[in-house]
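As a plain string of letters, each chain reads:
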Amino acid sequence: MVSDRSPMITPNLSALYRGISEIFPDRPDSTNPNENLAELLAKVDRPLRVKLGIDPTGADIHLGHSICVRKLRAFQDAGHTAVLVIGDFTARIGDPTGKSEMRGQLTAEQVAENAKTYLDQVRPILDFDTPGRLEIRYNSEWLPKLDLAKVLELLKTMTVQQMLAKEGFDNRMQQENAIYLHEFLYPVMQGYDSVVLEADVELGGTDQKFNIAVGRDLQRHFGMKPQFGLLMPILIGTDGVQKMSKSLNNYVGLSEDPLTMYSKLEKIADSSIVQYFELLTNLPLDELPENPREKQKLLAVDVVSQYWGKAAGDRAQQDAIALVKGAAGQADAVAEFSLASVQFPAKLFYILSACGLCKSSGEARKLMQGGGVKLEGDRVSDVNLTFESPADLCGKVLQVGKNKFVRLVS
């Protein structure tokens, strides 16, 4: 492909297209750069403005959230401008996508604190240092300034029928759950972000197609070239069944310590592991180990290294091996606790007390609720978790905090 453009924006289509679920519009045989993203990438004589919006509705980001951020980095590496939109205004409404009821309202102070932690957690992924490669914008810069006339102009671009066709709203209608008028404003406001920022491309999960399409409609309304939508898959959680979610406790958090991250990732199911490699690493998929166990270990050390550095990734692997062998850290033996003294069925909080990791069942419950208890590296917060027999626990390592371990034996 011949181009007189700077090598800085020569497209690397394999990296940009890796793992994508859908691009729209997408006419791969067209030479029109407004219909074919590959043509736009090949012909554009300036860095594209690639938008990703994140609403800081919580304090933590997990690997599922990182997928679009990683794609944003791929566009940075191709010479384009990443426009990271912190939805500090829209977060106070909350995206109704996929929700069976209205989200709880956050205060401005809560959103501001969450936004700070979000930026800290995506820092290892994005290039924050090279001039011109990253814009961080807050939609509180422009959305609160819209007067009623402007809001009405935006609302006139959409119909009630279009809104009700949105998956979340449609489901709530069928279930006769309330839909509040202010929730209709969310996709319009997110779409207006694309107008203000003059986005050429917007990234999002597959559940964001409606919102991104609204951005295209609003750009067209204001006489702009509509952005391309680029959708990424929803990551399956560590359970191998449902989407990654903190509420389902099947997640790997970006701020978790290296050993916890490694311990979760080295157990990813065979059915999910290729998706994890494709979406969470840059490793060539045709060069992965054939042995399933080696695949798991490679995935775990690569992902941990991305967030904590290569030395931390290697150390996490060695610490995980040491735990399996019955030693914590280096040569310190992990104490064993015989489950023969426990009457089953037994709740985990009782076992924590019986084995001496906690002074009492009450302390054990509090630690579990606070996220301070792990079983085989997985955080356990359900205080009602019950095990039917010793066979469910034999050989597993129970952990409280960072330094207290017990191996459960028969």
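These numbers were taken from a predicted model, which means no experiment stands behind them.

## Structural notes on the overall build of the protein
Summing up its helical and strand segments, the protein has 15 helices and 15 strands in all. Against the 2.2 N^0.38 benchmark of 22 Å for 410 residues, the protein shows a C-alpha radius of gyration of 24 Å, consistent with a compact globule. Across its three principal axes, the protein shows a C-alpha extent of roughly 75 × 55 × 35 Å. Buried positions account for 47% of the 410 residues belonging to the protein. Here the contacts in the protein between residues at least 6 apart in sequence split such that 69% fall between residues at least 24 apart. Counting only carbon and sulfur atoms, one obtains 51% of the accessible surface of the protein, whose full area is about 20,000 Å². Measuring between centres, the 46 positive side-chain charges of the protein sit 3 Å from its 53 negative side-chain charges.

## Focus: the confidence of the model for the protein
Where the model shows low pLDDT, its predicted coordinates should not be examined in detail. Residues with a pLDDT of 70 or more make up 91% of the protein, whose mean pLDDT is 87. This stretch, residues 1-8, has a pLDDT under 50; its non-local contacts, to residues over four places away or in other chains, come to 11 contacts. Long-range and interchain partners of residues 327-332, a stretch whose pLDDT sits below 50, account for 11 contacts in this model, where long-range means more than four residues apart.

## Thoughts on the pairing of strand β5 (residues 201-205)
The side chains of a regular strand alternate, first on one face of the sheet and then on the other. In terms of burial, β5 is a largely internal element, 5 of the 5 residues being buried. Residue alternation in β5 divides its side chains into two sets, Val201, Leu203 and Gly205 and Glu202 and Gly204, and both sets are buried. Summarising the sheet, strand β2 (residues 49-54) and β5 pair through 3 bridges and their orientation is parallel. Bridging across to β5, Leu52 finds its partner in Leu203. For the segment spanning β5, helix α9 (residues 209-221) and strand β6 (residues 228-232), crossover handedness is right-handed.

## Section: the packing of aromatic side chains
Scanning all chains against the criterion turns up 2 aromatic pairs. Here Phe169 and Phe184 contribute two aromatic rings whose centre-to-centre distance is 5.1 Å and whose plane-to-plane angle is 75°, an arrangement assigned as edge-to-face. Placement of the pair is Phe169 in helix α7 (residues 167-174) and Phe184 in helix α8 (residues 181-197), with a sequence separation of 15 residues. Note on accessibility: Phe169 and Phe184 belong to one class, buried.

## Considering the nonpolar core
Judged by nonpolar contacts, the single largest core of 62 residues is most densely connected at Leu63, Leu84, Leu230 and Leu265. When residues of this core are assigned to their parent elements, the largest contribution, 7 residues, is made by helix α3 (residues 63-77). The residues touching Leu63, leaving out its near neighbours within four places in the chain, are Leu235, Met244, Val252, Leu254, Leu265, Leu280, Val303 and Tyr307. Of all hydrophobic cores here, the second largest spans 24 residues; its members include Leu352, Leu393, Leu398 and Leu408.

## With respect to the sheet that holds β5
If you trace the 6 strands from one edge of the open sheet to the other, you get β1-β6-β5-β2-β3-β4, paired in mixed fashion. Both edges of this open sheet fall to β1 (22-24) and β4 (134-138), since each of them pairs with a single strand only. Averaged over neighbouring strand pairs, the angle between their axes works out to 20° when direction is ignored. Relative to β6, β1 runs antiparallel, the two being bridged by 3 bridges. Of the residues in β6, the one forming a bridge with Phe24 is Gly229. Sheet strands touched by helix α4 (residues 108-122): β2, β3 (81-86) and β4. Its angle to β3, the strand with the most contacts, is close to 150°.

About the thresholds
Residues numbered from 1 in each chain as written. Predicted model: local features only at pLDDT ≥ 70, side-chain atom pairs only at ≥ 80, totals over all residues. Heavy atoms only, no water. Helix = DSSP H or I, 4+ residues; strand = E, 2+ residues; numbered from the N terminus. Rg over C-alpha atoms; globule rule 2.2 N^0.38 Å. Buried < 20%, exposed > 50% of the residue type's maximum accessible area, 1.4 Å probe, protein only. Contact = heavy atoms within 4.5 Å. Areas by Shrake-Rupley, 256 points an atom, 1.4 Å probe, with all protein chains shown as cover. Lys, Arg positive; Asp, Glu negative; His and termini not counted. Charge placed at Lys NZ, Arg CZ, Asp CG, Glu CD. pLDDT = per-residue confidence, 0-100. Pairing = 2+ DSSP bridges. Right-handed = clockwise from strand over helix to strand, strands pointing away. Phe/Tyr/Trp six-rings, centres within 6.5 Å; stacked < 30°, edge-to-face > 60°. Core = buried A, V, L, I, M, F, W, Y, C linked by side-chain atoms within 4.5 Å. Axes fitted to C-alpha atoms, helices over the stretch in contact; angles between N-to-C directions.

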